[in-house]
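# Structural overview
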Amino acid sequence: MNAVSRIEFSSPSAGYDQPLEMWIDCHKRIARMNALLQRLVDHLKDHAVDKHASVTATSIRRYFDEAAPRHHDDEEVDLFPRLLERLRAQGNAEATQSLTQAIETLLSDHAEMHDLYQVVRAQLQQVEAGQDPHFDDTQIMLFVTRYRAHIEVEDTVIAPALKRALKAKDLKEISRAMAARRGVDWDAIVASTKK
């Protein structure tokens, strides 16, 4: 298997100065990792675990161990609460109620996806160790389809609401928080853009 060569390692199209676009770019990376996971599962149905499969499993696991939790923190700590705060300030009770329900579902998804991932993670670690994990197709499909549905709601319901509700000050604060969450010095970024 040479799935590693098919992973797109290109830089995101948006940086910390465009936090909403960066957040949406992350959805595209999640979708790519889920597609790679499905290809790995399909490949190992007919082939033994080899070096390429092991490297692919490591890439998938590292993404969901490191990047996905930060992405969820972006939502839970910065994006979702700020969106609801802005909607409440605008006095739009109907939009606030509708988006509150959507966000509650998304937060519940985060917990469910975390639990599903623990099973997937253990199976990926087996591949990394050179062992056939006997992937649980039901768990893999549930994990992938839950993420797909989750991202669909975020892209079609939450993203437009964020774009309408957030102000420049909000976006700067979110940018700073996202950078800090990833160990990036925001002040250095800002200083470099002023040169």
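Residues numbered from 1 in each chain as written. Predicted model: local features only at pLDDT ≥ 70, side-chain atom pairs only at ≥ 80, totals over all residues. Heavy atoms only, no water.

## Focus: the packing of helix α1 (residues 19-46) against helix α2 (residues 51-90)
Running from N to C, α1 and α2 point in directions that differ by 150°, and their axes come no closer than 10 Å. Our classification of the angle between α1 and α2 gives roughly antiparallel. The element α1 and its partner α2 pack so that their crossing is left-handed. The residues of α2 that touch α1, namely those facing Leu20, Trp23, Cys26, His27, Arg29, Ile30, Met33, Asn34, Leu36, Leu37, Leu40 and Leu44, are Ala53, Thr56, Ala57, Ser59, Ile60, Tyr63, Phe64, His71, Glu75 and Leu79. The residue inventory of the contact of α1 with α2, partitioned by class, reads 15 nonpolar, five polar and two charged. (Axes fitted to C-alpha atoms, helices over the stretch in contact; angles between N-to-C directions. Helix = DSSP H or I, 4+ residues; strand = E, 2+ residues; numbered from the N terminus. Parallel < 35°, antiparallel > 145°, perpendicular 65-115°, else oblique. Left-handed = near helix turned anticlockwise from the far one by under 90°. Contact = heavy atoms within 4.5 Å. Nonpolar A, V, L, I, M, F, W, Y, C, P; charged D, E, K, R; others polar.)

## So, the pattern of salt bridges
Per the counting criterion, the structure on display carries 17 salt bridges. Two residues, aspartate 78 and arginine 181, come together in a salt bridge whose shortest N-O distance is 2.7 Å. Of the two residues, aspartate 78 sits in helix α2 while arginine 181 sits in helix α5 (residues 168-181), which places them 103 residues apart along the sequence. What makes aspartate 78 buried here is its relative accessible area of 9%. (Salt bridge = Lys/Arg side-chain N within 4 Å of Asp/Glu carboxyl O. Buried < 20%, exposed > 50% of the residue type's maximum accessible area, 1.4 Å probe, protein only.)

## Comments concerning the packing of helix α3 (residues 93-128) against helix α4 (residues 137-165)
Look at α3 against α4: their axes get within 9 Å of each other, and the N-to-C directions meet at 150°. In terms of orientation, α3 lies roughly antiparallel with respect to α4. Crossing handedness for the pair α3 and α4: left-handed. Residues that form the contact of α3 with α4 fall into these classes: 17 nonpolar, four polar and four charged.

## Structural notes on α5
The first and last C-alpha atoms of α5 sit 20 Å apart over 14 residues, in line with the 20 Å expected at 1.5 Å per residue. Buried within α5 are the following residues: Asp170, Ile174, Ser175, Met178 and Ala179. Taken down its axis, α5 places every buried residue within 160° of arc, on the same side. Set apart from the buried face of α5 by more than 90 degrees, the exposed residues are Lys169, Lys172 and Ala180. (Expected span 1.5 Å × (residues − 1). Arc of directions from axis to C-beta.)

## Regarding the side chain of histidine 27
Relative to the assigned elements, histidine 27 resides in helix α1. Residue histidine 27 is classed as buried on the basis of its relative accessible area, which comes to 2%. If sequence neighbours within four positions are ignored, histidine 27 has contacts with His71, Glu75, Ile151, Glu154 and Asp155.

## Looking at the packing of aromatic side chains
Within the structure shown, the criterion is met by six aromatic pairs. Seen in terms of ring centroids, tyrosine 63 and phenylalanine 64 are 5.4 Å apart; in terms of plane orientation they differ by 90°. Their pairing is edge-to-face. Ring geometry for phenylalanine 64 against tyrosine 117: centres 5.7 Å apart, planes inclined by 40°, an arrangement best described as tilted. One end of the pair, phenylalanine 64, is in helix α2; the other, tyrosine 117, is in helix α3, and 53 residues separate them in sequence. Note on accessibility: phenylalanine 64 and tyrosine 117 belong to one class, buried. Three or more aromatic residues joined by ring pairs make a cluster, and in this case those are Tyr63, Phe64, Tyr117, Phe143 and Tyr147. (Phe/Tyr/Trp six-rings, centres within 6.5 Å; stacked < 30°, edge-to-face > 60°.)

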